[in-house]
Amino acid sequence: MGPAIRAICGIDENDDAASVRQKVIARLTALSAHLSPDLQICVRAAFGLDDELHTQFYKDRLRWAEGELERNTRTVRRRIDDAIVRLAELAVHRLTPGTQVRRPPPDGRWHNAEIRQSLALDQASPDALELRRIVADEDGVDELDLALTLTSLGRETRAAPSDAGIDVIYGGRLRQLRMESTDRIGYRLVLPHPLRLGEEHEFALRLRALAEREMEPHLVCVPKHRCDYCEVRVRFPEDRLPARVERLTGVFQRDIADPHHTAEQLQLDPIGEVRTRFSHLTPGLAYGIRWSPLR
């Protein structure tokens, strides 16, 4: 036990092994109560907090979590990693004044744990879908500041808030659309209830895209806040596939449509879809997919 764990769990030099174990279990159990139900399951599996999970084999506890969450091993391992990070943040936040361990200041009031964007170009209306899982970095987060950039071909006038075409599928209520630049529309999403520090929240948006002939051939995520994971997926019409599809990784926004900017080529799967993933995105840079005009 290092000094940080001892401070967090109230362990002193006179505690024997049994006392140390009980204090650690009690502290982890108390902290995990502030997490979402799925992350609580991950904590119980990772540390074997329940009597029924007191097995020396981590793979057995992992298998139990897979059944409880109805997820595959890869997903459960990633969720366990997320849970441990959230536990650490909660633990350090609750240290008493004067303790030597300090929590680094967050970049903002909340951050993105996961963003998933998809666009189907084989539909009558090429709408995009965005799913997000965010985490509060302080108590009392009750709304989110977000933005959408409309990069249309040949736009001769400024975009307007009415051009946004944003529908909330679940997880919040949209309000206060405003122009942040010529083509970037900012908006706020009011949450169902204020979030506690470390609490997660999910929401989904449908973004009504421009007609295919009017839109720039790319779909990118440009996070305003810290983003731990992002997935971008595009589906093309079976009879009109692009000649080239590329992955954009942390590029400046002006380079998204620059044909001279070198990018990694991606391959379409047999049904005309392409997907790419990113971890630990840099706020303000673009991550996603661009393609040549459809043939």
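Moving on, we get to the environment of K59. Among the secondary structure elements, K59 is positioned in helix α4 (residues 58–69). Taking the C-alpha atoms as reference points, K59 and T73, 14 residues apart in sequence, are found 9.7 Å from one another.

Moving on: the packing of helix α3 (residues 37–47) against α4. Where α3 meets α4, the axes come as close as 8 Å, and the angle between the chain directions of the two elements is 165°. Considered as vectors, α3 and α4 are oriented roughly antiparallel to each other. Read as a crossing pair, α3 and α4 show a hand that is right-handed. In this structure, α3 contributes D38, I41, C42, R44, A45, A46 and F47 to the contact, and α4 contributes Y58, R61, W64, A65, E68 and L69.

As a further point, take the sheet that holds strand β13 (residues 286–291). Sheet architecture is open: four strands sit in the order β8-β13-β10-β11, paired in antiparallel fashion. Of all the strands in the sheet, just β8 (218–221) and β11 (264–266) have a single pairing partner and so form its edges. Here the strands of the sheet are splayed against their neighbours by 25° on average, with no regard to which way each runs. Two strands pair when backbone bridges link them, and strand β10 (residues 245–251) and β11 are joined in this way by three bridges, in the antiparallel orientation. Opposite R247, over in β11, you have E264 as the bridge partner.

Looking now at the nonpolar core. Within soluble globular proteins, side chains that are nonpolar tend to cluster in buried spots. Counting 37 residues, the largest nonpolar core has L121, L144, C230, V234, F236, I289 and W291 as the members making the most contacts within it. With near-sequence residues (within four places) excluded, C230 lies in contact with I115, C221, T276, R277, F278 and L281. Residues I8, I11, L62 and I80 belong to the second largest nonpolar core, which totals 26 residues.

This paragraph deals with the environment of A120. Assignment of secondary structure puts A120 in strand β1 (residues 110–120). Residues in contact with A120, not counting those within four places in the same chain, are S125, P126, D127 and R235.

What the rule picks out here adds up to 28 salt bridges. Ionic pairing is found between D228 and R226, a salt bridge with its closest N-O pair at 2.9 Å. We classify D228 as buried; its relative accessible area is 17%. Residue R226 is classed as partly exposed on the basis of its relative accessible area, which comes to 27%.

Where nonpolar side chains cluster on the molecular surface, the patch consists of L129, L131, I169 and Y170 and spans about 320 Å² of accessible area. Elements with a contribution of two residues or more to the nonpolar patch: β2 (128–136) and β4 (166–170). Mapping I169 onto the fold places it in strand β4.

Let us look at the pairing of strand β9 (residues 227–235). The buried fraction of β9 amounts to seven of the nine residues, a majority that puts the element mostly inside the structure. Where β1 lies against β9, seven bridges are found, and the strand directions are parallel. Bridging across to β9, I115 finds its partner in C230. When β9 meets strand β12 (residues 273–281), the two strands line up antiparallel, connected through eight bridges.

One pair of aromatic rings is described through two measures. These are the centre distance and the angle between the planes. Going through the model one piece at a time under the given rule, you end up with two aromatic pairs. Considering the side-chain rings of F236 and W291, the 5.3 Å spacing of their centres and the 80° angle between planes classify their relative orientation as edge-to-face. A residue pair is termed long-range when its members are at least 10 positions apart, and F236 in the loop between β9 and β10 and W291 in strand β13 qualify at 55 residues. With respect to class, F236 is no different from W291; both count as buried. With 5.4 Å between their ring centres and 70° between their planes, F278 and Y287 make a pair best called edge-to-face. The class of F278 is buried, set by a relative accessible area of 3%. Given the relative accessible area of 7%, Y287 is considered buried.

The rules behind these values
- Residues numbered from 1 in each chain as written.
- Predicted model: local features only at pLDDT ≥ 70, side-chain atom pairs only at ≥ 80, totals over all residues.
- Heavy atoms only, no water.
- Helix = DSSP H or I, 4+ residues; strand = E, 2+ residues; numbered from the N terminus.
- Axes fitted to C-alpha atoms, helices over the stretch in contact; angles between N-to-C directions.
- Parallel < 35°, antiparallel > 145°, perpendicular 65-115°, else oblique.
- Left-handed = near helix turned anticlockwise from the far one by under 90°.
- Contact = heavy atoms within 4.5 Å.
- Pairing = 2+ DSSP bridges.
- Core = buried A, V, L, I, M, F, W, Y, C linked by side-chain atoms within 4.5 Å.
- Buried < 20%, exposed > 50% of the residue type's maximum accessible area, 1.4 Å probe, protein only.
- Salt bridge = Lys/Arg side-chain N within 4 Å of Asp/Glu carboxyl O.
- Patch = residues over 30% accessible without salt bridge, like charges linked within 9 Å, V, L, I, M, F, W, Y side chains within 5 Å.
- Areas by Shrake-Rupley, 256 points an atom, 1.4 Å probe, with all protein chains shown as cover.
- Phe/Tyr/Trp six-rings, centres within 6.5 Å; stacked < 30°, edge-to-face > 60°.

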